[in-house]
Amino acid sequence: MAASGTALAGLVAFGLFGAGCSTGGTGTRDEGPAGSQPVAQTTPRASPSGTTPPVRRVDAVRLLKDDPKVGERIRDGLRPCAGKAYPVDTSYGSVTDGRVADVVVNVMSCADSVGVGTYVYRAEGDGSYKNVFSAEVPAIYGTIDRGDLVVTTQVYGSKDPLGYPSGSEVVTYRWASDRFTEHDRVHNDFSRAVEGTDGDLPVQSEPLDPVPSDEPVEPGRN
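Residues numbered from 1 in each chain as written. Predicted model: local features only at pLDDT ≥ 70, side-chain atom pairs only at ≥ 80, totals over all residues. Heavy atoms only, no water.

A. Quick look at the state of the cysteines. With the rule as written, the count across this model stands at one disulfide. Disulfide pairing is shown between Cys-81 and Cys-110; the S-S distance is 1.8 Å. Sign of the S-S torsion, about -75° for the bond between Cys-81 and Cys-110, identifies this disulfide as left-handed. You can see Cys-81 sitting in the loop between helix H3 (72–77) and strand S2 (88–93) and its partner Cys-110 sitting in the loop between strand S3 (102–108) and strand S4 (115–123), a full 29 residues away along the chain. Since its relative accessible area comes to 21%, Cys-110 is described here as partly exposed. (Disulfide = S-S within 2.5 Å. Helix = DSSP H or I, 4+ residues; strand = E, 2+ residues; numbered from the N terminus. Buried < 20%, exposed > 50% of the residue type's maximum accessible area, 1.4 Å probe, protein only.)

B. Fine view of the pattern of salt bridges. What the rule picks out here adds up to five salt bridges. Measuring nitrogen to oxygen at the nearest pair gives 3.3 Å for the salt bridge that ties Arg-62 to Asp-66. Look at Asp-66 and you get partly exposed, because its relative accessible area is 34%. For Arg-146, the salt bridge identified is with Asp-145, shortest N-O distance 3.1 Å. The exposure class assigned to Asp-145 is partly exposed, which follows from its relative accessible area of 32%. Linked by salt bridges that have partners in common, Glu-169, Glu-182 and Arg-185 make up one network. (Salt bridge = Lys/Arg side-chain N within 4 Å of Asp/Glu carboxyl O.)

Here's what the structure looks like:
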């Protein structure tokens, strides 16, 4: 999604994810309807509002592992980072105008929580879920913003450390005609003016008490 630092970003993110959970790295995105294979079924929860779709809680890890559209390396490497906690974030909201809330799932690396995959699942009438969006590239994260799907990808240059990307790509997708289409794209270039200054600052010495002088201070002299 970002042209300039894809190679380095891929190596960094794959290395981090491989420490605790391996990455997919397919670099593909599907902006249309995916296969209709059922991947999970749960019981809907009553909606508190007539205009808000009911939220049906899902097992996000099961969704990913049962979904053939998820990269094999991500599926096989998806395991707890510590204890029973998986590196998976799950959001519920309306991005496809369905009768039940959609599910946005982000998979991250265990070491540094770097996003390696973003997926959107839409509820089907039979209670199953269909993958309608997938993106597997380093440093990616998807969110729901007022009915839109917003996907942010960090951009790395050839010498950028993991904590200091050169910029970011923010792409907004909208659902229309049973598919996501790009609605808006924003590219951000980050300032490099303060990069590396932490190690270049002089060491601050302790303040010294003024040395008393027996000579009188003349007016106008410091």
